[in-house]
Amino acid sequence: MLKEERQQKILELLDEKQKVIASDLSQLFQVSEDTIRRDLKELDQKKLVRRVHSGALRIGPPVTDFEKRLKISNNLKENLARKALPYIQENTVILIDGGTTNLHLVNSLPINFKATVITNSPPIAMALAYHEQIEVLMIGGTLYKQSMVNLGIDTVEYLSNVRADTYIMGIYNIDDQIGISVPTISESLVKRKMASISTEIIGLVTLDKLGTVSNQIICPADTLTYLITENVNPNIAKLYTKQKVAVIQ
């Protein structure tokens, strides 16, 4: 088998399984593990996979500006938002951070929904402006314009005095073994703090984020209470249900 053909097969396996192990690929293609490691290194350099210690993971969706992401997969995000609504209770304290899927969620809330919402996302705070029975508490900090969220020491210190019933976490990348991750340390620190002060955590996740990883780990995947996603391969769903995460499809 030619190198190019083998690497294409690796990419196809990643699409199916979300991760590959170098030793397994060595047996499958009957080549040395060194050859497989070279394949994975080349694919990583081309930004087609992300190498990890024992193999490789899929590359997640590109990190783009908030405004650009607002125009992507809106029907899918609205569907995930509708799936999440039954798991969000009235008369509770709800913590919501940034993300376009989270923005679709707050836009889906009934106009007479009653709750206290704490957020570090100016777009989400603005979207709730006409919900007269939702008290909106805006967390300050330094505006990270790419994600349109407030971050920094002030943000974390504010959260130290808060308890939330539910945290709706905006998710960049998630892998059942490596955990939930983001590209920047400032976002990881705020999200980690939000998770630590919340009783339940909900993540709305499109398929292109499953089985992917960024540089900054926030927390294990089993920190989630509910993983709300599209219809996924049952074997992939089991990876999370084994960790007692409720997978809602």
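Residues numbered from 1 in each chain as written. Predicted model: local features only at pLDDT ≥ 70, side-chain atom pairs only at ≥ 80, totals over all residues. Heavy atoms only, no water.

- The protein chain appears in an unreviewed UniProt entry as Transcriptional regulator, DeoR family from Sebaldella termitidis.

**Looking at the domain arrangement of the protein chain**
- One can read the domain layout of the protein chain as domain 1 (3-58) and domain 2 (66-247).
- Look at where the C-alpha atoms of domain 1 and domain 2 centre, and you get two points 31 Å apart.
- Listed by partner, the interface residues are 7 residues for domain 1 and 15 residues for domain 2.
- Between domain 1 and domain 2 lies a buried interface of about 810 Å² when both sides are counted; carbon and sulfur atoms form 43% of it.
- Ranking the residues of domain 1 by area buried against domain 2 places Q18, R50 and R58 at the top, with a combined share of 59%. (Domains from an automatic or database assignment. Contact = heavy atoms within 4.5 Å. Buried area = accessible area lost by both parts, 1.4 Å probe.)

**Concerning the sheet that holds strand β9 (residues 164-169)**
- On the basis of which strands lie adjacent, the open sheet formed by 7 strands has the order β6-β5-β4-β9-β12-β14-β15 and parallel pairing. The sheet is open, and its two edges are formed by β6 (134-138) and β15 (246-248), each paired on a single side. The sheet shows a mean angle of 20° between the axes of neighbouring strands, taken without regard to direction.
- Here strand β12 (residues 198-205) pairs with strand β14 (residues 226-229) via 4 bridges, running parallel. Residue I202 lies in a different strand from β14, and its bridge partner there is Y226.
- Across the face of the sheet, helix α6 (residues 100-108) comes into contact with β4 (93-96), β9 and β12 while running at roughly 130° to β9. (Pairing = 2+ DSSP bridges. Helix = DSSP H or I, 4+ residues; strand = E, 2+ residues; numbered from the N terminus. Axes fitted to C-alpha atoms, helices over the stretch in contact; angles between N-to-C directions.)

**Quick look at the pattern of salt bridges**
- On inspection of all chains with the given rule, the structure shows 7 salt bridges.
- For R6, the salt bridge goes to D39, with nearest N and O atoms at 2.5 Å. With R6 in helix α1 (residues 3-17) and D39 in helix α3 (residues 33-45), the pair connects residues that are 33 residues apart, well separated along the chain.
- Judged by its relative accessible area of 8%, R6 is buried. (Salt bridge = Lys/Arg side-chain N within 4 Å of Asp/Glu carboxyl O. Buried < 20%, exposed > 50% of the residue type's maximum accessible area, 1.4 Å probe, protein only.)

**Considering the environment of L105**
- Considering the arrangement of structural elements, one finds L105 in helix α6.
- A C-alpha to C-alpha distance of 7.1 Å links L105 and E78, two positions 27 residues apart in sequence.
- In contact with L105, other than residues within four places in its own chain, are A81, A84, L85, I88 and I168.

**Looking at the UniProt feature "domain: HTH deoR-type" (unreviewed entry) in the protein chain**
- According to UniProt, the "domain: HTH deoR-type" (unreviewed entry) feature falls on residues 3-58.
- Between the C-alpha atoms that bound residues 3-58 there is a distance of 19 Å. The span itself is 64% helix and 18% strand. (UniProt positions renumbered as here; feature names shortened; annotations may be inferred.)

**Description of α1**
- With 15 residues, α1 should reach 21 Å at 1.5 Å per residue; the first-to-last C-alpha distance of 21 Å fits that figure.
- Residues of α1 that are buried: R6, Q7, I10, L11, L13 and L14. Down the axis, α1 shows its buried residues gathered within 160° of arc, on one side only. Opposite the packed face of α1, turned more than 90 degrees from it, sit the exposed residues E4 and D15.
- Contacts from the buried residues of α1 go to β1 (19-21), α2 (22-29), α3, β2 (49-51) and β3 (55-58).
- Q18 sits one or two positions beyond α1 and adopts a positive phi of about 75°. (Expected span 1.5 Å × (residues − 1). Arc of directions from axis to C-beta.)

**Considerations on unusual backbone geometry**
- Look at N91: it is not a glycine, yet its phi comes out positive at around 55°.
- On the secondary structure map, N91 appears in the loop between α5 (74-84) and β4.
- Not every positive phi belongs to a glycine, and K244 is a case in point at roughly 65°.
- Positionally, K244 belongs in the loop between α10 (234-241) and β15.

**Let's talk about the environment of K238**
- With respect to the helices and strands, the residue K238 is situated in helix α10.
- The exposure class of K238 is partly exposed, given its relative accessible area of 47%.

**Brief notes about the packing of α5 against α6**
- Running from N to C, α5 and α6 cross one another at 55°; their axes reach a closest spacing of 8 Å. It follows from the interaxial angle that α5 and α6 lie oblique. Note that α5 runs across α6; the crossing there is right-handed. Contacts between α5 and α6 involve N74, K77, E78, L80, A81 and A84 from the first element and T100, T101, H104, L105 and S108 from the second.
- Partitioned by chemical class, the residues of the contact of α5 with α6 number 4 nonpolar, 5 polar and 2 charged. (Parallel < 35°, antiparallel > 145°, perpendicular 65-115°, else oblique. Left-handed = near helix turned anticlockwise from the far one by under 90°. Nonpolar A, V, L, I, M, F, W, Y, C, P; charged D, E, K, R; others polar.)

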